[in-house]
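# Fold and geometry: a report
Spelled out, the chains give:
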Amino acid sequence: MTERRREKFLRVIAARRPDLTLVLEDIHDPHNVSAVFRSADAVGIPRVHLVYQIDKFPKLGKKSSASASMWVRKTKHSSIRECYDALRTDGFTVCATHLGKEAVSLYDFDMTGRVALVFGNEHRGVSQEAADLADVNFRIPMVGMIESLNISVACAVTLYEAFRQRIAKGMKKLPPKDRKLLKELSDEWLRDPPPRKR
C-alpha cells in the first residue's frame, strides 16, 4: 500500500458517520441498491441495513455502485421489527419515507441526531408495518404530476439534506461505540484493503 492510498483511507474513515444509517426494505433491483450504496459512501455512511421478506437479496453490481458496496458494511435482517429493534437498541430514531397524511416534509425535521432512514420497494414503497412502527414518517416535497422519485434518487436527495443539516449544525463528537467502529474500519482497511478498481 502506498502512503498516498493509506492517507486517503484514514481521511475517508475519519469522515464516516456511524450515527446516520439506511434501511432498505425489499428493494429488488440490484442497480438501485448499488446506486444507494454509492450515495451512502459519498456522505460517509459506514453501514446499510437490508430487510428482505418478500424479494430475494439481489446481487450487487460493481458498475452502478462504482464498487461502493466494498466500502459500506451490510447488515441483513429477516423482518422490519427485528431491524427496528436492533436500531433502537443502538439509539437510533427510525424515520420512514411515506406519503401518509402524518408525514412531515424532509425539510422540516432534524436529521442531525442518531437517525436511521428507511426506504421501500420501487413499486410498493415501504410496507405499512415499516411505516406504522417508525418513529417518524417523512416525505420529499414534490409539485409535479408524478408522486414519487426513483428509489436511488429519493435516497440521494434525503441523504444530502441530512448531510447539509449536519454541516450547517456542526458535526457532533462521536460516542465511544462509534469511535470503536471507526477504529475497526481503519484496522480492516489497512490490514486487508479491497482491491483497486480496474
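Anything mentioned here points back to the structure above.
## Regarding the packing of helix H1 (residues 3-14) against helix H7 (residues 176-191)
Viewed as axis vectors pointing N to C, H1 and H7 meet at an angle of 160°, and their least axial separation amounts to 10 Å. Relative to H7, the element H1 is oriented roughly antiparallel. As for how H1 packs across H7, the hand of that crossing is right-handed. Contacts from Arg-6, Phe-9, Leu-10, Val-12 and Ile-13 in H1 reach Leu-182, Leu-185, Ser-186, Trp-189 and Leu-190 in H7. Looking at the contact of H1 with H7 residue by residue, the class counts come to eight nonpolar, one polar and one charged.

## Considerations on a nonpolar patch on the surface
A surface patch of nonpolar side chains, amounting to about 220 Å² of accessible area, comprises Met-142, Leu-149 and Val-153. Structurally, the position occupied by Leu-149 is in the loop between strand S7 (136-139) and helix H6 (151-169).

## A word on the nonpolar core
In this structure, Leu-22, Leu-24, Ile-45, Val-48, Leu-117, Phe-119 and Leu-159 are the most contacted members of the largest nonpolar core, which totals 28 residues. Every element with two or more residues in this core is listed here: strand S1 (20-25), helix H2 (30-42), strand S2 (47-51), strand S6 (115-119) and H6. For this core, the element with the most residues is H6, which contributes five residues. Those residues in contact with Ile-45 that sit more than four places away from it in its chain are Arg-16, Leu-20, Thr-21, Leu-22, Ala-40, Val-72 and Leu-159. Among the nonpolar cores identified, the runner-up in size contains 15 residues, and Phe-92, Ala-96, Ala-116 and Val-118 belong to it.

## Description of the environment of Asn-150
Tracing the chain through its elements places Asn-150 in the loop between S7 and H6. Along the sequence, Asn-150 and His-123 sit 27 residues apart, while their C-alpha atoms lie 9.5 Å from each other.

## Re the packing of aromatic side chains
Counted under the stated rule, the structure contains six aromatic pairs. Summarising the aromatic geometry, the rings of Phe-109 and Phe-138 are spaced 5.2 Å apart at their centres and angled 40° between planes, so their arrangement reads as tilted. In this pair, Phe-109 is assigned in the loop between strand S5 (104-105) and S6 and Phe-138 in strand S7, connecting sequence segments 29 residues apart. Each member of the pair, Phe-109 together with Phe-138, is buried. Among the aromatic residues, ring-to-ring pairing joins Phe-9, Trp-71 and Trp-189 into one connected group.

## Observations concerning the environment of Asp-19
Relative to the helices and strands, Asp-19 resides in the loop between H1 and S1. Residue classification places Asp-19 among the buried residues on the basis of a relative accessible area of 7%. Taking the C-alpha atoms as reference points, Asp-19 and Pro-175, 156 residues apart in sequence, are found 9.2 Å from one another.

## What about the pairing of S6?
When you tally the buried positions in S6, you get five out of five residues, the bulk of the element. The alternating pattern of S6 places Val-115, Leu-117 and Phe-119 and Ala-116 and Val-118 on opposite faces, both of which are buried. Summarising the sheet, S1 and S6 pair through five bridges and their orientation is parallel. Within S6, the residue paired with Val-23 across the bridge is Val-118. Direction of pairing for strand S4 (residues 93-97) relative to S6: parallel, over a ladder of four bridges. In the sheet register, Thr-93 faces S6, and the bridge partner there is Val-115.

## Focus: H6
With 19 residues, H6 ought to run about 27 Å at 1.5 Å a step, and its terminal C-alpha atoms sit 27 Å apart, in line with that. The set of residues buried in H6 consists of Ile-151, Ser-152, Ala-154, Cys-155, Thr-158, Leu-159, Glu-161, Ala-162, Gln-165 and Arg-166. Looking at the buried residues of H6, the elements they touch are S1, H2, S6 and S7. Just beyond H6, the residue with positive phi is Gly-170, at close to 90°.

Cut-offs used in this document
Residues numbered from 1 in each chain as written. Predicted model: local features only at pLDDT ≥ 70, side-chain atom pairs only at ≥ 80, totals over all residues. Heavy atoms only, no water. Axes fitted to C-alpha atoms, helices over the stretch in contact; angles between N-to-C directions. Helix = DSSP H or I, 4+ residues; strand = E, 2+ residues; numbered from the N terminus. Parallel < 35°, antiparallel > 145°, perpendicular 65-115°, else oblique. Left-handed = near helix turned anticlockwise from the far one by under 90°. Contact = heavy atoms within 4.5 Å. Nonpolar A, V, L, I, M, F, W, Y, C, P; charged D, E, K, R; others polar. Patch = residues over 30% accessible without salt bridge, like charges linked within 9 Å, V, L, I, M, F, W, Y side chains within 5 Å. Areas by Shrake-Rupley, 256 points an atom, 1.4 Å probe, with all protein chains shown as cover. Salt bridge = Lys/Arg side-chain N within 4 Å of Asp/Glu carboxyl O. Core = buried A, V, L, I, M, F, W, Y, C linked by side-chain atoms within 4.5 Å. Buried < 20%, exposed > 50% of the residue type's maximum accessible area, 1.4 Å probe, protein only. Phe/Tyr/Trp six-rings, centres within 6.5 Å; stacked < 30°, edge-to-face > 60°. Pairing = 2+ DSSP bridges. Expected span 1.5 Å × (residues − 1).

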